Amino acid sequence: MGFDNIKLTIDDNIAHLRLHRPDKRNAVNNGLLRDIETCFDTLPEIVKVVVLSGEGPHFSAGLDLSEHQVRTPFEVLQHSQWWHRVFNKIQFGGRPVLAALQGAVVGGGLELATSTHVRVADRTTFYQLPEGQRGIFVGGGASVRVSKIIGPDRMTEMMLTGRSYGAEDGLRLGLSHYVVDEGAALAEAFRLARQVASNAPLSNWASINAVANIGDMSMANGFYTESMAAAIAQSSDEANRRMQEFLNRKKN
Ligand code: 1HE
């Protein structure tokens, strides 16, 4: 399928989705959002894991400000809900998504990055929520996702002061999971993607869906749901096979 704003390649069981508006620092316009949505809607069955990256020196400059137009409150609400729908497809689509980050991961770019499951940042990466300076508010999920990662208190401070956190700060805060040398994020994301793809698909599914859902539950509901997910994963043929393989492995 041809896309105008992304490049998609599939090699073996790993899909590579590249945001492809480098001249505009991969700012997210409607076309780019639509391409991401279509891509996740139509990934072939063989794809087990997705690597998401941005072409050029920046992962994404967030919302495309040149598409700004005065909208009614209802139109803004619907537009924001579209972003939520698309990013939910990334987070809950059933496939692990790994992001390779560099340069700006700001505003909607940070909202996009935090909908992925593993984030590898090179040392040029910086995180920022400049919405306050632009006179708007987040609308792509940051007040849920970023706030869960760094805490509502720190997100409020980040928005008020417009401060920028570097890759190492991001590691401390949980925005980055790995920090690597400049230019090395994509290779590391692919190395990790191959490792993730070798897990049992059911375990990956539970790691993505069960953990996130349980995080929103009461303790009692969380424990019950964990037991249900364990029951499904642990009673599978694949779990039996993998555990037997481990027990029967030859020790040198
Ligand atoms: C853009 C955008 C954009 C760049 N929308 N066109 N996001 C922001 O407030 C971030 C705004 N951007 C920046 O701070 C900087 O561009 C960067 C730090 C990301 C990169 O700087 P630099 O020096 O490498 O590039 P540049 O010269 O600033 O930009 C290159 C081109 O990209 C230029 O266009 P040109 O036609 O003049 O070459 C810029 O106009 C264009 N560009 N960023 C549109 N964001 C669901 S709600 C989410 C709310 C938000 O995301 S708010 C945060 C918006």
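What you see is a predicted model; the values in this text were computed from it and never measured. Along each chain, numbering runs from 1 in the same order as the chain's sequence is written. Local features in a predicted model are, by the rule used here, given only for residues with pLDDT of at least 70; side-chain atom pairs are given and counted only at 80 or more, and totals for whole chains, interfaces and linings are based on all residues. The side-chain figures draw on all heavy atoms in the structure; neither hydrogens nor water molecules are used.

Visitor: How would you explain the site of the ligand if you had to name every residue and give the values?
Guide: Each residue is tested against the molecule or strand, and it is near if at least one of its non-hydrogen atoms lies within 4 Å. As a structural note, the neighbourhood of the ligand is formed by 23 residues, with Lys-24, Ala-61, Leu-65, Gly-108 and Arg-134 the closest of them. Pairs of N or O atoms are called polar contacts if they sit within 3.5 Å, as long as, within protein, a hydrogen donor faces a hydrogen acceptor (for residues adjacent in sequence, only side-chain-to-side-chain pairs). One of the side-chain nitrogen or oxygen atoms of His-58 is found 3.1 Å away from an oxygen atom of the ligand. Leu-63 has a polar backbone atom sitting 2.9 Å from an oxygen atom of the ligand. Note on areas: these come from Shrake-Rupley sampling with a 1.4 Å probe, and a residue is covered only by the protein chains present in the view. Compared with its free state, where it exposes 1000 Å², the ligand has 65% of that area covered by protein. Helix numbering and strand numbering both begin at the N terminus, where a helix is a DSSP run of H or I of at least 4 residues and a strand a DSSP run of E of at least 2. Elements that contribute at least two residues to the shell around the ligand include exactly strand E5 (104-106), helix H3 (108-113) and helix H4 (131-134). Throughout this entry, Asp, Glu, Lys and Arg are counted as charged residues, while Ala, Val, Leu, Ile, Met, Phe, Trp, Tyr, Cys and Pro are counted as nonpolar. The remaining residues, Gly among them, count as polar. Of the residues that constitute the shell around the ligand, the class distribution is 9 nonpolar, 7 polar and 7 charged.

Visitor: Go over the sheet that holds strand E8 (residues 164-166) with me, naming the residues and quoting the values.
Guide: With respect to topology, 3 strands assemble into an open sheet ordered E5-E7-E8, the strand pairing being mixed. The open sheet has two edge strands with one neighbour each: E5 and E8. On average, each strand axis in the sheet is tilted by 25 degrees relative to the strand beside it, whichever way the strands run. Between any two strands, at least two bridges found by DSSP are needed for them to pair. Only the stretch in contact is used when fitting a helix axis, every axis being a line fitted to C-alpha atoms; angles between N-to-C directions are given from 0 to 180 degrees.

Visitor: Give me the lowdown on the pattern of salt bridges, citing residues and values where you can.
Guide: The salt bridge definition used is simple: a Lys or Arg side-chain nitrogen within 4 Å of an Asp or Glu carboxyl oxygen. Applying the stated rule across the entire model yields 13 salt bridges. Here Arg-123 makes a salt bridge to Glu-168, at a shortest N to O gap of 2.8 Å. Of this pair, Arg-123 sits in the loop between strand E6 (118-122) and strand E7 (126-128) while Glu-168 sits in helix H7 (residues 167-173), and the two are 45 residues apart along the sequence. Burial here depends on accessible area, computed with a 1.4 Å probe over protein chains only, as a share of the maximum for the residue type. Under 20% is buried, over 50% is exposed, and the range in between is partly exposed. According to the relative accessible area criterion, Arg-123 is partly exposed, its value standing at 46%. In this structure Glu-168 comes out as partly exposed when scored by relative accessible area, which is 47%. One salt bridge in this structure joins Glu-238 and Arg-242, with 2.9 Å as the shortest N-O distance. Residue Glu-238 and its partner Arg-242 are located together in helix H11 (residues 237-247), separated by 4 residues, close to a single helical turn. What makes Arg-242 partly exposed here is its relative accessible area of 30%. Salt bridges sharing partners connect three or more residues here, namely Glu-238, Arg-241, Arg-242 and Glu-245.

Visitor: So what about the side chain of Ser-176? Which residues, and what values?
Guide: Note that Ser-176 resides in the loop between H7 and strand E9 (178-180). A polar contact is formed between the side chain of Ser-176 and the backbone oxygen of Ala-167, at a distance of 3.0 Å. In this structure the side chain of Ser-176 is engaged in a polar contact, spanning 3.5 Å, whose partner is the backbone nitrogen of Leu-171. Contacts were defined at the residue level, with two residues in contact if any of their heavy atoms lie within 4.5 Å. Not counting the four nearest positions on each side in its chain, Ser-176 is found in contact with Arg-119, Ala-121, Tyr-127, Ala-167, Gly-170 and Leu-171.

Visitor: Run through the packing of helix H5 (residues 142-150) against helix H6 (residues 152-161), naming residues and quoting values.
Guide: Contact pair H5 / H6: the axes reach a minimum separation of 7 Å and the direction vectors enclose 115 degrees. Of the two elements, H5 crosses H6, and the hand of that crossing is right-handed. In contact with Ala-142, Ser-143, Val-146, Ser-147 and Ile-150 of H5, H6 contributes Pro-152, Arg-154, Met-155 and Met-158. Its residues assigned to classes, the contact of H5 with H6 shows 6 nonpolar, 2 polar and 1 charged. Each crossing gets its handedness from the near helix: less than a right angle anticlockwise from the far helix is left-handed, clockwise is right-handed.

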